[in-house]
Amino acid sequence: MPLKPSLSLAEAQEWFYCDFKTGTLFWKKSGKSITKDAIAGTVKQHGYRIVNFKRKSYPAHRLMWLLYSGVDPYPYFIDHVNGVKDDNRIENLRLATCAENTRNQKLHPLNTSGCKGVSYIKRTGKWDARIKKDYVQYCLGVYHTKEEAYAAYCEAARRLHGDFAREA
């Protein structure tokens, strides 16, 4: 879902209220197919809770951020610190650039080594470790074991990605 400006703060405050500790967004009013005090939105196949309102779709985490901070997060992403897409507790949400949000992604489903940044080199029987930052790929070395290569990736991730480093 592409980023776009959210509702106005006034409209969000008129229609929604939040429990920031549990990360739950509720309807403040009743309307067509809307029940007052019901949880707003549904968790979609991609894992995010989406709220349909006035013929538009809004990710619940972006509405939570708007209601908590009073500022529309656009053009920033809202990153889920723990990687759980429907965990919208305010302490689990943070503003992020596109690059920061990408760094915090979980292991890609097509990964065959089971470790981020690590691949097996059939020709040599060794393990390669690599990491990217700001469109630059860094070769971290070739190692005899997957564990050594993964340790090199993890160290580089902490150094290059800081708080947005996700090792697994």
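By convention here, each chain's residues receive numbers from 1 onward along its written sequence. This being a predicted model, a pLDDT of at least 70 is required before a residue's local features are given, and a value of 80 or more before pairs of side-chain atoms are given or counted; all residues contribute to the totals for chains, interfaces and linings. To obtain the side-chain values, all non-hydrogen atoms of the structure were used and water was disregarded.

What to know about unusual backbone geometry
Thinking step 1. Each neighbour pair has its own omega, and for Tyr74 with Pro75 the value is 10 degrees, a cis peptide bond.
Thinking step 2. Tracing the sequence through the fold places Pro75 in the loop between helix H2 (60-69) and strand E6 (77-80).
Thinking step 3. With a phi angle near 70 degrees, Asp37 is a residue other than glycine that sits in the positive phi range.
Thinking step 4. Strands are runs of DSSP state E lasting at least two residues, helices are runs of H or I lasting at least four, and both sets are numbered from the N terminus onward. Checked against the element boundaries, Asp37 lands in the loop between strand E2 (24-27) and strand E3 (42-43).
Thinking step 5. Unlike most non-glycine residues, Tyr135 shows phi in positive territory, near 65 degrees.
Thinking step 6. Among the structural elements, Tyr135 can be located in the loop between strand E9 (126-133) and strand E10 (136-143).
Thinking step 7. Categorising residues by exposure relies on relative accessible area from a 1.4 Å probe, with only protein chains included: less than 20% of the type maximum marks a residue as buried, more than 50% marks it as exposed, and the intermediate range marks it as partly exposed. Judged by its relative accessible area of 86%, Tyr135 falls in the exposed class.

A word on helix H4 (residues 146-161)
Thinking step 1. Each helix should span, by expectation, one fewer than its residue count multiplied by 1.5 Å. A rise of 1.5 Å per residue sets the reference length of H4, with its 16 residues, at 22 Å; its end C-alpha atoms lie 21 Å apart and thus fit the reference within 8%.
Thinking step 2. Taken as a whole, H4 has its buried residues at Ala149, Ala152, Tyr153, Cys154, Ala156, Ala157, Leu160 and His161.
Thinking step 3. Buried residues in H4 make contact with helix H3 (98-103), strand E8 (118-121), E9 and E10.
Thinking step 4. Phi turns positive one or two residues past the end of H4, at Gly162, with a value near 55 degrees. Contact definition: two residues touch when any of their heavy atoms are within 4.5 Å.

Some details on the nonpolar core
Thinking step 1. Buried Ala, Val, Leu, Ile, Met, Phe, Trp, Tyr and Cys residues form a nonpolar core when they are joined through side-chain atoms within 4.5 Å. Ranked by size, the top nonpolar core spans 21 residues in total, and within it Leu7, Phe16, Leu25, Trp27, Val51, Phe53 and Leu63 carry the most contacts.
Thinking step 2. Sorting the residues of this core by element identifies helix H1 (9-15), strand E1 (16-19), E2, strand E4 (49-53) and H2 as the ones contributing at least two each.
Thinking step 3. Per-element tally for this core: the top contributor is H2, with six residues.

Let's talk about the pattern of salt bridges
Thinking step 1. Basic side-chain nitrogens of Lys or Arg form a salt bridge, by our definition, when they fall within 4 Å of a carboxyl oxygen of Asp or Glu. Overall, the coordinates contain eight salt bridges when judged by the stated rule.
Thinking step 2. Here Arg103 and Asp134 are joined by a salt bridge, their closest N and O atoms 3.3 Å apart. Residue Arg103 is found in helix H3, and its partner Asp134 is found in the loop between E9 and E10; the two are separated by 31 residues along the sequence.
Thinking step 3. For Asp128, the salt bridge is made with Arg130, and the minimal N-O distance between the two is 2.5 Å.

What is shown is where atoms sit, not what they do.
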